[in-house]
Amino acid sequence: MREVDICILGAGPGGATAALHLANAGHHTLLLDRATFPRDKICGDALSGKVINELRRINEQLPARLASSPIQVASWGINFYAPNGQRLAVPFKPHFDKATDRAAGHIAKRIDFDNFLIEEVRRRPEIELLEGVGITQHERTAEGRWLLRTADGNVVASARLLLVANGAQSAFARQVGGHKLEPDHHCAGLRAYYRNVQGLNADNFIELHFIKDFLPGYLWVFPLPNGEANVGVGMLTKAVSEKKINLRERLHEILETHPALRERFASAERLGPVRGFGLPLGSKRRALSGDGYLLLGDAGSLIDPFTGEGISHAMVSGRHAADWAAQAIDCNDLTIKYLQKYDAAVYRRLWQELRLSRAMQRLLVYPWLFNFVANRAANNPTLAETLSNMFMDLDLRERLRQPSFYLKLLFGRK
């Protein structure tokens, strides 16, 4: 049994980021994961500019190392498809030159990206990584330490502070952290890999298709290396239940029959099974800490409610968790009162964006509004550039929640 100050459960982007920041600060950690890397993770596989920024905070060389790696393709924007079929192209930068600019986003399979971070972890002597260790019991002792047991009762470690980053299905988050599955704040999704999908964007724009009879869900197509694509659907769990939707059947039907997709997938080959997953969304504030523990990433229900993005939020929470874990250990205060400063730091960074994404998610019940904005932007370069900037600028994105924005569009003032 290992006796440590800090133990991290889960070696995905949140846990690995926390371990690497703690190593940079000179703290030793024990990092546990039930899987053996490289391992797959069901996800959309998109890496936003926020992911690149978080990599840079770990090590200034990491973004360049990722950009030169064959595991990824550079992505330069998003193609939104309105319910009426109108395409709205939103580049991550309004004007970009692939020859000289750094890409603002990338796309890489999670089996590869997570292993990219784990390879960085393996370089650090301050981090002890134990793979293939599934923790099923978390027992708090009278002395305030956590005893971590496997299913056979073996005690793997005793820790003063737990950083819980073991994903959307975290038993700790449910049983100890009190995070319940709330259908209005949870998304159900499916993902499959394909080869030979026709019509992928030359600049690797990711595609989000908002299909009228599938709202408030959407379908995505994300280009990948080697001519492959990540294809999937996501919808609020509440809507899936209320509409009695079989997501697997709907995904197959849309790819077979939708006018904008059927020819593109006519000769496509699916690689492996269609796999399902659940996403606890950050559309409401939840407690991220308690006596002796912090919740990170998906275990903390921090997924963007509009885009489904979770990797960057996991890494943001991992960075802040490392900061407050180090301070808590140094001042010997592991109480909830002290550790709630972590909650404040995470929500100070993410809450405005999560709140706006929740508002944009609610707009999906008005397909006519989406059509209206897309039609106007298609014929108005100034509006198109404004929407592009909104993707990067939260203050501009706030305008999407204001009726005056749509009034100006209606009367041609944009």
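Higher on the page you've got the structure.
From a predicted model like this one, the values you see are computed outputs, not experimental measurements. Sequence order as written defines residue numbering, which begins from 1 separately in each chain. Where totals are concerned, whole chains, interfaces and linings use all residues; where local detail is concerned, this predicted model gives features only for residues with pLDDT of at least 70, and gives and counts side-chain atom pairs only at 80 or more. In computing side-chain values, all of the structure's heavy atoms are included and hydrogens and water are not.

A. Seen up close, the packing of aromatic side chains. In summary, the pairing rule links any two rings of Phe, Tyr or Trp, Trp by its six-membered ring, whose centres are within 6.5 Å, and it sorts them by plane angle into stacked for under 30 degrees, edge-to-face for over 60 and tilted for everything else. Counted by the stated rule, this structure contains 14 aromatic pairs. Plain terms: the ring middles of Y194 and F265 are 5.3 Å apart, the flat faces sit at 90° to each other, and that makes the pair edge-to-face. In this pair, Y194 is assigned in strand β12 (residues 186–195) and F265 in the loop between α7 (247–257) and β16 (269–280), connecting sequence segments 71 residues apart. For Y194, a relative accessible area of 10% corresponds to the buried category. Exposed residues in this analysis have more than 50% of their type's maximum accessible area, buried residues have under 20%, and partly exposed residues fall in between, with area computed by a 1.4 Å probe over protein chains only. The buried category is assigned to F265, whose relative accessible area is 9%. Site record: aromatic cluster; members linked through ring pairs are F80, F210, Y218, W220, F222 and F306. A cation over a ring is seen here: K109 above Y193, with NZ or CZ 4.4 Å from the ring centre. Labels follow the DSSP assignment, with helices taken as runs of H or I lasting at least four residues and strands as runs of E lasting at least two, numbered in each case from the N terminus. Lysine and arginine charges are scored as sitting over a ring when NZ or CZ, respectively, is within 6 Å of the ring centre and within 35 degrees of the ring normal.

B. Quick peek at the sheet that holds strand β7 (residues 105–108). Note on pairing: two strands pair once DSSP finds at least 2 bridges between them. The 3 strands lie next to each other as β3-β7-β4, forming an open sheet whose pairing is antiparallel. Strand pairing shows two members of the sheet lacking a second neighbour, β3 (46–47) and β4 (72–75), which therefore form its edges. Here β3 pairs with β7 via 2 bridges, running antiparallel. Directly across from A46, in β7, lies its bridge partner I107.

This is a description of form; function is not addressed.
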